[in-house]
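So the chains spell out like this:
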Amino acid sequence: MDVSANPHPRKSYWLSLAALAVVLPVAIVVHSQGELIQWLRAAFRSPTTVEKGASQSYAGADWRLTGLARLPGALPGTTVVLAEYEAAVEDEARLRDSFPCKLALVDDRGRRWKGTFMVDPVVRKMRPDAAQKPHCGTAEASRKGDTIRMAESFVIPQDADGLMLSLALYGGMPDSLLLK
Amino acid sequence: MNGAVRSLTAVIVAAGVLYAMQRSTPLYSDITSPVPVAGRQGERVDTSAFAIGIAKVYLARSITFPSLSRTQHYATSGVWVVVESAVEAKNESLGLTSAEWLGPDGLRYRYSQRLTNVPGMPGNEQFEPGIPRPMLMIFEVPESQIAGARLLVARSPYAPLAEEAWIDMAALSTDDIHPSITLSRGGQQMPWILKVE
């Protein structure tokens, strides 16, 4: 007779199966060396919403949306949106290390538009002052206390509503701002 | 004796199954290849990232396109396939950089790298959500690969498991081949002007 034989093989089978369901995910999490937890944290983090006219400290500066103007678009059914925003420098080194920016215009349906590569001709014509302002990607960090004024133009359909400016700096990710 | 025959049969069957599995194992590139979204020419084809509709297809023996300094003539020993389409991004601004002509023999032809400077070609335009824009695709293919072809369009050639539009093209024949097509720069609304000769 085999003394090592399991008297309750069915029970052991189910216990082993249940243990596998726990041990396997734990093994994956441990093996990822924290990267999986970081990824989940970033994936489920929502941007900080900044109310109209308010400012928010982020990545070494205090950010504020100063204007969101609709201008006539060159293509039928389109509008050019000129977004003007500023960053009051709080920590020069941190801001410099956080560039470049990832900027998008977001509507109430969650659609996202990237800025135009060149300044739209209608912006040059109707708002030449704004056309001179740097993009977030081309702006250079100034000294503490300085304010960097920037502008970006977007081509969007006329029916887009509830517009907000989504702003993220690579050095500040996974945090980001949603400026109303 | 009966048991031995059964065991031998089981071993042979198992070996056959293992061989079949080994031969039919998909490559990693097959497992991660784009997910096809089927459609037909003349219809709107919706992928998760963009929608595309094929308007017109032209065949020609040569293409003429004026560059900055002089007019260039592009000849071919095959056929030029010029596809006019409209594209709209769904959720976010994007560029389309992958367009392939899938011939009836399973041969794939990427959009021509000889004419990438023509306005409207893949990679030259950013598509925006809610704003349909024209896109031009030009392929250089053998005559045998015209009829019964499919057009494959994706956001990028290197996007595993992303959706790719697979568009069945309307019947084309060698009778539809024009001697020449002239392309020139258009305006903001239509980036190119196409003239059949």
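What you see is a predicted model, and the numbers here were worked out from it, not measured in a lab. (Residues numbered from 1 in each chain as written. Chains lettered and ligands numbered in written order. Predicted model: local features only at pLDDT ≥ 70, side-chain atom pairs only at ≥ 80, totals over all residues. Heavy atoms only, no water.)

Novice: What should I look at first to understand the interface of chain B and chain A in this one?
Specialist: How big an interface is tends to be expressed through the accessible area that disappears when the partners come together. On the chain A side, the residues contacting the 12 residues of chain B number 13 residues. In total, about 990 Å² of surface goes out of reach between chain B and chain A, with carbon and sulfur atoms giving 57% of it. Scanning the region where chain B abuts chain A turns up 0 salt bridges. For the side of chain B that touches chain A, the residue count by class is 2 nonpolar, 6 polar and 4 charged. (Contact = heavy atoms within 4.5 Å. Buried area = accessible area lost by both parts, 1.4 Å probe. Salt bridge = Lys/Arg side-chain N within 4 Å of Asp/Glu carboxyl O. Nonpolar A, V, L, I, M, F, W, Y, C, P; charged D, E, K, R; others polar.)

Novice: Looking at this structure, how should I read unusual backbone geometry?
Specialist: With the exception of glycine, the majority of residues adopt a negative phi angle, and the majority of peptide bonds are in the trans configuration. Residues and elements named next belong to chain A. That bond from F99 to P100 is cis: its omega, 10°, falls within 30 degrees of zero. For the peptide bond that leads from M173 to P174, omega is 10°, which places it in the cis range. Locating P174 in the fold gives a position in the loop between β8 (164-169) and β9 (177-179). Positive phi outside glycine occurs at A59, with the angle close to 50°. (Helix = DSSP H or I, 4+ residues; strand = E, 2+ residues; numbered from the N terminus.)

Novice: Can you help me understand the environment of V50 of chain A in this one?
Specialist: All names here are of chain A. Among the structural elements, V50 can be located in strand β1 (residues 48-50). Along the sequence, V50 and I37 sit 13 residues apart, while their C-alpha atoms lie 27 Å from each other. Look past the residues within four positions of V50 in its chain and what remains in contact with it is S55, Q56, L177, L178, L179 and K180.

Novice: Explanation requested: the sheet that holds strand β1 (residues 35-40) of chain B in the structure shown.
Specialist: Strand pairing in a sheet relies on backbone hydrogen bonds, with the paired strands running either antiparallel or parallel. Residues and elements named next belong to chain B. Taken together, the 5 strands give an open sheet; going across it, the order is β1-β9-β8-β5-β6, and neighbouring strands pair in mixed fashion. Every other strand in the sheet has two partners, leaving β1 and β6 (108-110) as the edge strands with one partner each. Strand-to-strand twist across the sheet, computed as the mean angle between neighbouring axes with direction ignored, equals 25°. Alignment of strand β8 (residues 150-154) against strand β9 (residues 163-168), held across 4 bridges, turns out to be antiparallel. Counterpart to V153 in the pairing with β9 is A165. (Pairing = 2+ DSSP bridges. Axes fitted to C-alpha atoms, helices over the stretch in contact; angles between N-to-C directions.)

Novice: How should the packing of aromatic side chains be read in this particular structure?
Specialist: To describe a pair of aromatic rings, one takes the distance between the centres and the angle between the planes. All chains considered together, the criterion is met by 2 aromatic pairs over all chains. Look at Y13 of chain A and W14 of chain A: their rings are 5.2 Å apart centre to centre, the planes differ by 75°, and that puts the pair in the edge-to-face class. We classify W14 of chain A as exposed; its relative accessible area is 52%. Judged by centre distance (5.7 Å) and plane angle (45°), the ring pair of W101 of chain B and F139 of chain B falls under tilted. One end of the pair, W101 of chain B, is in strand β5 (residues 98-102); the other, F139 of chain B, is in strand β7 (residues 133-141), with 38 residues separating them in the sequence. We classify W101 of chain B as buried; its relative accessible area is 0%. By relative accessible area, F139 of chain B is classed as buried at 0%. (Phe/Tyr/Trp six-rings, centres within 6.5 Å; stacked < 30°, edge-to-face > 60°. Buried < 20%, exposed > 50% of the residue type's maximum accessible area, 1.4 Å probe, protein only.)

Novice: I keep staring at the sheet that holds strand β6 (residues 112-113) of chain A and nothing clicks. Help me out?
Specialist: Read across the open sheet, the 5 strands follow the order β1-β9-β8-β5-β6 (chain A); overall the sheet is mixed. Two strands close off the open sheet at either side, each with one partner strand: β1 and β6 of chain A.

Novice: Teacher, can you tell me more about the nonpolar core here?
Specialist: General note: in soluble globular proteins, nonpolar side chains tend to be found buried as a group. I52, W101, M137, F139, L151 and L183 of chain B are the most contacted members of the largest nonpolar core, which has 49 residues in total. Only β3 (50-66), β4 (71-89), β5, β7, β8, β9, β10 (177-185) and β11 (192-196) of chain B provide two or more residues apiece to this core. The element that contributes the greatest number of residues to this core is β3 of chain B, accounting for 9 residues. Setting aside residues no more than four positions away along its own chain, L151 of chain B makes contact with I54, V83, E100, W101, M137, F139, A165, W166, I167 and M169 of chain B. Grouped together as the second largest cluster of nonpolar side chains are 30 residues, L95, M150, L163 and L179 of chain A included. (Core = buried A, V, L, I, M, F, W, Y, C linked by side-chain atoms within 4.5 Å.)

Novice: Just to check I follow, could you spell out the state of the cysteines for this structure?
Specialist: In protein chemistry, a disulfide is the covalent bond that joins the sulfur atoms of two cysteines. Residue and element names in this part refer to chain A. For the structure on display, the rule yields 1 disulfide over all chains. Here C101 engages in a disulfide with C136; their sulfurs sit 1.8 Å apart. Of this pair, C101 sits in strand β5 (residues 101-106) while C136 sits in the loop between α5 (128-131) and β7 (147-157), and the two are 35 residues apart along the sequence. One exposure class covers both C101 and C136, and it is buried. (Disulfide = S-S within 2.5 Å.)

Novice: Would you take a moment to explain the confidence of the model for chain B for this structure?
Specialist: For any part of a model where pLDDT is low, the fine detail of the predicted coordinates should not be relied upon. Scored by pLDDT, chain B comes out at a mean of 92, with 99% of its residues at no less than 70. Here helix α2 (residues 28-31) of chain B is the element of chain B with the lowest mean pLDDT, 82, and strand β2 (residues 44-46) of chain B is the one with the highest, 97. (pLDDT = per-residue confidence, 0-100.)

Novice: Hey, could you run me through helix α1 (residues 2-24) of chain B in this one?
Specialist: An α-helical turn contains 3.6 residues, so a residue and the one three or four places further along point in the same direction. The first and last C-alpha atoms of α1 of chain B sit 33 Å apart over 23 residues, in line with the 33 Å expected at 1.5 Å per residue. Of all 23 residues in α1 of chain B, 0 are buried; the element is thus mostly exposed. (Expected span 1.5 Å × (residues − 1).)

Novice: In this structure, what is going on with the pattern of salt bridges? I would like to understand it.
Specialist: A side chain of one charge can pair with a side chain of the opposite charge when the charged atoms of the two come close. Applying the stated criterion across every chain yields a total of 20 salt bridges over all chains. Linking E51 of chain A and K180 of chain A is a salt bridge whose minimum nitrogen-to-oxygen distance equals 3.7 Å. Separated by 129 residues along the polypeptide, E51 of chain A in the loop between β1 and β2 (55-58) and K180 of chain A in the segment after β9 bring together distant segments of the chain. For E51 of chain A, a relative accessible area of 46% puts it in the partly exposed group. One salt bridge in this structure joins R133 of chain B and E125 of chain B, with 3.1 Å as the shortest N-O distance. Both residues of the pair, R133 of chain B and E125 of chain B, count as buried.

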